[in-house]
Amino acid sequence: MTETKNASSVAVVMGSDSDLPVMQRCIDQLKEFGIEPEVRVISAHRTPAAADEFAETAPQRGIKVIIAAAGMAAHLAGALAGRSHLPIIGVPMQASEGPCGLDALLSTVQMPPGVPVAGMAIGKAGAKNAAVFAAQILAAGDKDMEAKVIEFRRKQTEAVIAKDKALNS
């Protein structure tokens, strides 16, 4: 097992800066795990060359996992997955207009065979879960990260038990 030396082992990419308020939960959760993410705004449709370059060069920057958030057509995660061998975690976003993010969810998870994207829930829950899943991926080869993930889960369990106890006291 090797330790994660690069603090930016995870990249968080958003199709628009309007996604930042939701994706801040992801960024904050990564930081709680001691991961300082590389955060970018790159559009699969408006800046396709930048998306290609980002995905192709991510491993050279020490990136091990990419989290991609997008709404509407939600092509960002798939576009990055087509250009990178790294694990891609997609977070579908609810657009200000449209069908509650279901379109983004389907665009994120409906990938062709051999080009997977790990799809999370729409919005805030998906943003936080993407960070936890990224930490779990890193934990497979990093004992320190594994300990942080285990501690995170322990604290979650304790919080639920405490809430139950408070409710039933």
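Named according to an unreviewed UniProt entry, the chain is N5-carboxyaminoimidazole ribonucleotide mutase originating from Limihaloglobus sulfuriphilus. UniProt, in the comment section headed Catalytic activity (unreviewed entry), describes the chain in these words: "5-carboxyamino-1-(5-phospho-D-ribosyl)imidazole + H(+) = 5-amino-1-(5-phospho-D-ribosyl)imidazole-4-carboxylate".

Asker: Just to check I follow, could you spell out the pattern of salt bridges for this structure?
Answerer: Opposite charge on two side chains permits pairing when their charged atoms draw close. Tallied over the entire structure, the rule returns eight salt bridges. Where E36 meets K31, a salt bridge forms, and the shortest distance between an N and an O atom there is 3.6 Å. For E38, the salt bridge is made with R61, and the minimal N-O distance between the two is 3.1 Å. Of this pair, E38 sits in strand 2 (residues 38-41) while R61 sits in the loop between helix 2 (48-57) and strand 3 (65-71), placing them 23 residues apart in sequence. Given a relative accessible area of 29%, R61 falls into the partly exposed group. Linked through salt bridges whose partners overlap, the residues forming this network are E38, R40 and R61.

What counts as what
- Residues numbered from 1 in each chain as written.
- Predicted model: local features only at pLDDT ≥ 70, side-chain atom pairs only at ≥ 80, totals over all residues.
- Heavy atoms only, no water.
- UniProt positions renumbered as here; feature names shortened; annotations may be inferred.
- Salt bridge = Lys/Arg side-chain N within 4 Å of Asp/Glu carboxyl O.
- Helix = DSSP H or I, 4+ residues; strand = E, 2+ residues; numbered from the N terminus.
- Buried < 20%, exposed > 50% of the residue type's maximum accessible area, 1.4 Å probe, protein only.

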